[in-house]
Amino acid sequence: MEDLVTARLVLHPLSIPEARRLVMGAAGERTHGEPWAPGYPDEGDVAGARRFLRSCASTGDPQPFGPYEIRRRQDGFAVGGVAFHGLADDRGIVTIGYGLVPSAQGRGYATEALRALLEFARANGVKGVEGDTDQQNVASQRVMNAVGMCLVAQDDRLKYYRISWPDGPATAVPGDAEPSGEPSGPAAPG
């Protein structure tokens, strides 16, 4: 699986050995050669790596619909992660998650990474993408809105977002210079 490259980032698909190193590094077994920004990996990155390793053990490697490490192109340092939480369901929908270390937040990296992941999903036949965020996480809500995801439901804890492409694959995604269709809306989260 090849890296997804954006203007400022490289989204590197995690391999099984890389996911194991990430989990071990978070447990204090970090080697000195890891290109990680301070604070990486955080507990969300480790939880995602563990979920990926469990998935690989039970059903096989889901790549290209697995986790990606977000690396800055300027220095190659990992600053967070963005992930599909597995293959598309029977409706053609995938679920995503993402996060950045504090030192990388507020620079548009999450929007840039998520936009690339949405474009990749759509180009590979995915019909829609869902994600959620805590009620208080306004920054994450802004990211999902910026890439064209719409709020479709909420409860006491979470807000649920979705973007759908009933017309199938395309080369552009909402938020890019060219229009690529309107997100379909409201539906209950999966």
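Relevant structure appears above.
All of the points below concern the structure found in this document. (Residues numbered from 1 in each chain as written. Predicted model: local features only at pLDDT ≥ 70, side-chain atom pairs only at ≥ 80, totals over all residues. Heavy atoms only, no water.)

1. A closer look at the overall build of the protein
At step 1: Along the backbone of the protein there are 4 helices and 8 strands.
At step 2: Tracing the protein from N to C terminus, the helices and strands come up as β-β-α-α-β-β-β-α-β-α-β-β.
At step 3: The buried share of the protein, reckoned over its 190 residues, is 48%.
At step 4: Contacts in the protein between residues far apart in sequence, at least 24 positions, make up 60% of those at least 6 positions apart.
At step 5: A total accessible area of about 9600 Å² is found for the protein, and carbon and sulfur atoms account for 51% of it. (Helix = DSSP H or I, 4+ residues; strand = E, 2+ residues; numbered from the N terminus. Buried < 20%, exposed > 50% of the residue type's maximum accessible area, 1.4 Å probe, protein only. Contact = heavy atoms within 4.5 Å. Areas by Shrake-Rupley, 256 points an atom, 1.4 Å probe, with all protein chains shown as cover.)

2. Quick notes on the pattern of salt bridges
At step 1: The final tally for this structure, using the stated rule, is 7 salt bridges.
At step 2: Across the salt bridge formed by E69 and R71, the nearest N and O atoms sit 2.8 Å from each other.
At step 3: The structure contains a network of salt bridges with shared partners spanning D89, R91, E130 and R162. (Salt bridge = Lys/Arg side-chain N within 4 Å of Asp/Glu carboxyl O.)

3. A closer look at the sheet that holds strand β1 (residues 4–5)
What links the strands of a sheet is backbone hydrogen bonding, and the strands pair in either a parallel or an antiparallel sense.
At step 1: Taken in spatial order, the 8 strands make up an open sheet running β1-β2-β3-β4-β5-β6-β8-β7, and their pairing is mixed. Each of the sheet's edge strands pairs with one partner strand only, and the pair in question is β1 and β7 (150–154).
At step 2: Inspection of the sheet shows strand β6 (residues 128–134) paired to strand β8 (residues 158–164) by 7 bridges, in the antiparallel sense. Pairing of G128 across the sheet is with S164, part of β8.
At step 3: Contacts from helix α3 (residues 109–123) reach β1, β2 (9–13), β3 (67–72), β4 (78–84), β5 (93–100), β6 and β8, with the element oriented near 30° to β4. (Pairing = 2+ DSSP bridges. Axes fitted to C-alpha atoms, helices over the stretch in contact; angles between N-to-C directions.)

4. Brief notes about the environment of R91
At step 1: Summarising the element assignment, R91 is placed in the loop between β4 and β5.
At step 2: A sequence separation of 37 residues divides R91 from G128, and the C-alpha atoms of the two residues are 8.5 Å apart.
At step 3: Here D89 takes part through its side chain, which lies 2.6 Å from a polar atom of the side chain of R91. (Polar contact = N/O pair within 3.5 Å; in protein donor to acceptor, adjacent residues only side chain to side chain.)

5. What about the nonpolar core?
Considering soluble globular proteins, one finds that nonpolar side chains tend to be buried as a cluster.
At step 1: Counting 45 residues, the largest nonpolar core has F84, V129 and M149 as the members making the most contacts within it.
At step 2: Broken down by element, the residue count for this core peaks at 9 residues, all from α3.
At step 3: Among residues more than four places away in sequence, those in contact with V129 are I93, V94, I96, L118, A121, M149, Y161, R162, I163 and W165. (Core = buried A, V, L, I, M, F, W, Y, C linked by side-chain atoms within 4.5 Å.)

6. Overview of the side chain of T133
At step 1: On the secondary structure map, T133 appears in strand β6.
At step 2: By relative accessible area, which is 4% here, T133 ends up buried.
At step 3: Within polar-contact distance, the side chain of T133 engages the side chain of S140 at 3.4 Å.
At step 4: Non-local contacts of T133, meaning those with residues more than four positions away in its chain, are made with S140, Q141, M144, R157, L158, K159 and Y161.

7. Thoughts on the pairing of β8
At step 1: Summarising burial for β8: 7 of the 7 residues are buried, a large majority.
At step 2: Covered by surrounding structure in β8 are L158, Y160, R162 and S164 together with K159, Y161 and I163, the residues of both alternating faces.
At step 3: Looking at chain direction, β7 and β8 are connected through 4 bridges and run antiparallel. Looking across to β8, one finds that A153 is bridged to Y160.
At step 4: Connecting the antiparallel pair β7 and β8 is a turn made up of 3 residues.

8. Concerning helix α2 (residues 43–59)
At step 1: Here α2 spans 24 Å end to end across 17 residues, near enough to the 24 Å set by a 1.5 Å rise per residue.
At step 2: Sitting at the head of α2, D42 places a side-chain oxygen 2.9 Å from the backbone nitrogen of G44.
At step 3: Just downstream of α2 lies G60, where phi reads positive at about 100°. (Expected span 1.5 Å × (residues − 1).)

Limitation: the analysis is restricted to geometry and does not speak to function.
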